[in-house]
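Chain and residue survey
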Amino acid sequence: MYTSIIDYLEKTTVLYSKKNAVVDGKEQYTFDELTERAKKVAAGIIDIVGEASNVPVAVYLDKSKETVVADMGVSYSSCFFMNLDIKTPEDRIKAILEHIEPKAIIVDKNTSKRMEEILRGVNCNISILLLETAKERDICSEEERNIYNRLEMQIDTDPFCIINTSGSTGVPKGVILNHKSFFDFLNWSTETFKLDEKTIMGSLSPSVFDIFIYELWLMAAKGAEIVILNSNMAMFPAKLLEQLKMEKVNFIFWVPSIMVNIANMDLLTKIQLTDLKLVWFAGEVFPTKQFNYWRKNLPNTEFANLYGPIEITLDCTYYIVKRDFDDSEPLPIGYPCR
């Protein structure tokens, strides 16, 4: 019986130990390497939080393969993570930290100085864990046993992560997502769309988005591969498509805005994405004219419109496009996810 994402990750690591879990440019981590590093991060977190579990831990890193290590490390520690975007203004970061009051925050050498400055203006006590230091430690058998003893105490309704929305008042609102809610969405989505260990995801969304969180689950549960796409490439869509082609990405889950730009620039006629078999889009309305461009140029690709609020964990309705739509006809949000 599964109670957390780590139960999935452990089983997947046994099955696909040498398979790439996350690819980041010319670097990558296999599932073996990912779990080994994540446990080291977990031990560092436990040094800070002590016997406490189910407490929030912030992650302040530029999105990379190390973000995956950090998030899984927090999960191994039986705590729950809150990813922060390094591009976010300092005042908003301070507001989030004072509202959530995480017990620790994971930084690296690139983000530690700025976070130290931010914490000087925060009215709560937060310990800093340097990722490079955590990854260099050696875990003794007692520390590893402690990690698994803590995991045995978890239940499926324990929190998995926090995602901060803009908040209707302008003040960030932290939404807690638990493990069980992801079980539901994961089971439905993998059965409906036949997602498995052969799935290669082109990960473009920031780490603070629920789309990235779903990618973590698909990696952990099914052995799918996450290909980290440089978010700066959104300004250079041709290079983005070239990376998709080079990495043989077969599944993307994007917001429509970048897809609209690609359509307006007529890039799909210049760069053939023959490996791309599944496209999900959510978060915004996809103008039908630009959607039709994608469907016309990728005739062997399945497209699905997803819709729903973050509070119910990702999405609650979906529509698989199987017929032609007029450019002026809106795409439906479809039917309830099972």
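Let me begin by describing the structure that accompanies this report. Bear in mind that the values here come from a model prediction, so they are computed numbers and not experimental data.

**Details of the pairing of strand β13 (residues 302–307)**
- In terms of strand pairing, strand β12 (residues 278–281) meets β13 through four bridges, oriented parallel. Looking across to β13, one finds that Phe-281 is bridged to Asn-305.
- Between β12 and its parallel partner β13, the chain crosses via helix α12 (residues 288–297), and the hand of that crossover is right-handed.

**Quick notes on the packing of helix α2 (residues 31–49) against helix α3 (residues 65–76)**
- Between α2 and α3, the shortest axis-to-axis distance is 7 Å and the interhelical angle comes to 60°. Our classification of the angle between α2 and α3 gives oblique. α3 is crossed by α2, and the crossing has right-handed handedness. Here α2 contributes Leu-34, Thr-35, Arg-37, Ala-38, Lys-39, Val-41, Ala-42 and Ile-45 to the contact with α3, which in turn contributes Val-68, Val-69, Ala-70, Met-72, Gly-73, Val-74 and Tyr-76.
- Of the residues belonging to the contact of α2 with α3, the class tally is eleven nonpolar, two polar and two charged.

**Here's the deal with the packing of aromatic side chains**
- Summed over all chains, the structure comprises 24 aromatic pairs.
- Look at Phe-160 and Phe-182: their rings are 5.6 Å apart centre to centre, the planes differ by 70°, and that puts the pair in the edge-to-face class. Separated by 22 residues along the polypeptide, Phe-160 in strand β7 (residues 159–165) and Phe-182 in helix α8 (residues 179–193) bring together distant segments of the chain.
- On the basis of relative accessibility, which here comes to 0%, the residue Phe-160 falls in the buried class.

**Thoughts on the pattern of salt bridges**
- Across all of its chains, the model carries 14 salt bridges by this definition.
- A salt bridge links Glu-329 to Arg-323; the shortest N-O distance between them is 2.8 Å.
- What makes Glu-329 partly exposed here is its relative accessible area of 27%.
- Several salt bridges share partner residues, and in doing so they unite Glu-27, Lys-65, Glu-66 and Lys-135 into one network.

**Observations regarding the nonpolar core**
- In terms of nonpolar packing, the biggest core is built from 72 residues, with Ile-106, Ile-213, Tyr-214, Met-219 and Trp-280 touching the most fellow members.
- If one sorts the elements of this core by residue count, helix α9 (residues 210–222) sits on top with ten residues.
- Look past the residues within four positions of Met-219 in its chain and what remains in contact with it is Thr-12, Ala-21, Phe-31, Leu-34, Val-68, Met-72, Met-201, Ala-224 and Ile-226.
- If you look at the next biggest cluster of nonpolar residues, it comprises 34 residues, including Val-23, Leu-241, Leu-267 and Val-279.

**A few points about the packing of α8 against α9**
- Interhelical geometry of α8 versus α9 gives an angle of 75° and a closest axis separation of 11 Å. By the angle class used here, α8 and α9 are roughly perpendicular. Seen from α8, the contacting residues are His-179, Phe-182, Phe-183, Phe-185, Leu-186, Ser-189 and Thr-190; seen from α9, they are Ile-213, Tyr-214, Trp-217, Leu-218, Ala-221 and Lys-222.
- Among the residues making up the contact of α8 with α9, the classes are represented as nine nonpolar, three polar and one charged.

Reading the values: the criteria
- Residues numbered from 1 in each chain as written.
- Predicted model: local features only at pLDDT ≥ 70, side-chain atom pairs only at ≥ 80, totals over all residues.
- Heavy atoms only, no water.
- Pairing = 2+ DSSP bridges.
- Helix = DSSP H or I, 4+ residues; strand = E, 2+ residues; numbered from the N terminus.
- Right-handed = clockwise from strand over helix to strand, strands pointing away.
- Axes fitted to C-alpha atoms, helices over the stretch in contact; angles between N-to-C directions.
- Parallel < 35°, antiparallel > 145°, perpendicular 65-115°, else oblique.
- Left-handed = near helix turned anticlockwise from the far one by under 90°.
- Contact = heavy atoms within 4.5 Å.
- Nonpolar A, V, L, I, M, F, W, Y, C, P; charged D, E, K, R; others polar.
- Phe/Tyr/Trp six-rings, centres within 6.5 Å; stacked < 30°, edge-to-face > 60°.
- Buried < 20%, exposed > 50% of the residue type's maximum accessible area, 1.4 Å probe, protein only.
- Salt bridge = Lys/Arg side-chain N within 4 Å of Asp/Glu carboxyl O.
- Core = buried A, V, L, I, M, F, W, Y, C linked by side-chain atoms within 4.5 Å.

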